[in-house]
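Understanding the architecture of this molecule
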Amino acid sequence: MDELREVFVSRAYESDASNQLLKLFQARFCEFDDGRASERVVRRVFLGEETERPERLHDMPTPLLTWNVDRPG
């Protein structure tokens with residue numbers, strides 16, 4: 001909690017490094033996030049309509065680094 005509080009107090013989330021991390025997160029987890037996902041689900045599931053495939057909004061994500069599970073500590 002102290003670390004999170006410090007991020008907000010210092011406004012570290014406004015840094016170039018934070019912006020780069022946000023772009024990586026968006027590329028990995030929000031590639032089709034156009035604000036219309038719920039609408040597409042309702043149209044497809046409840047109304048039986050064919051829906052358009054969303055366009056990719058971000059560049060392809062870079063591979064995540066993996067943890068070495070054999071590493072002590």
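Everything here concerns the structure above.
Reference entry: report on the structure contained in this document. Everything numeric in this text was worked out from a predicted model, so none of it was measured. (Residues numbered from 1 in each chain as written. Predicted model: local features only at pLDDT ≥ 70, side-chain atom pairs only at ≥ 80, totals over all residues. Heavy atoms only, no water.)

Examining a nonpolar patch on the surface
As a reminder, the rule being used: To count toward a patch, a residue needs a relative accessible area over 30% and no salt bridge; like charges are then connected within 9 Å, while nonpolar side chains (Val, Leu, Ile, Met, Phe, Trp, Tyr) are connected within 5 Å. Reported accessibility uses the Shrake-Rupley method at a 1.4 Å probe radius. Residues are deemed covered only where the shown protein chains occlude them. When a carboxyl oxygen of Asp or Glu is within 4 Å of a side-chain nitrogen of Lys or Arg, the pair counts as a salt bridge. Here a helix means four or more residues in a row that DSSP labels H or I, a strand means two or more in a row labelled E, and each is numbered from the N terminus.
On the surface, Val41, Val42, Val45, Phe46 and Leu47 cluster together into a nonpolar patch covering about 510 Å² of accessible area. As for its position among the elements, valine 42 is in helix H3 (residues 37-46).

So, the pattern of salt bridges
We count it as follows: Burial classes follow relative accessibility: with a 1.4 Å probe on protein chains only, a residue under 20% of its type's maximum area counts as buried, one over 50% as exposed, and anything between as partly exposed.
If you walk through the whole model with that rule in mind, you get 7 salt bridges. We note a salt bridge from glutamate 39 to arginine 36, for which the minimum N-O separation is 3.1 Å. Residue glutamate 49 pairs with arginine 43 through a salt bridge whose shortest N-O separation is 2.9 Å. Residue classification places arginine 43 among the partly exposed positions, given a relative accessible area of 33%. Through salt bridges with shared partners, a single ionic network connects Arg36, Glu39, Arg43, Glu49 and Glu52.

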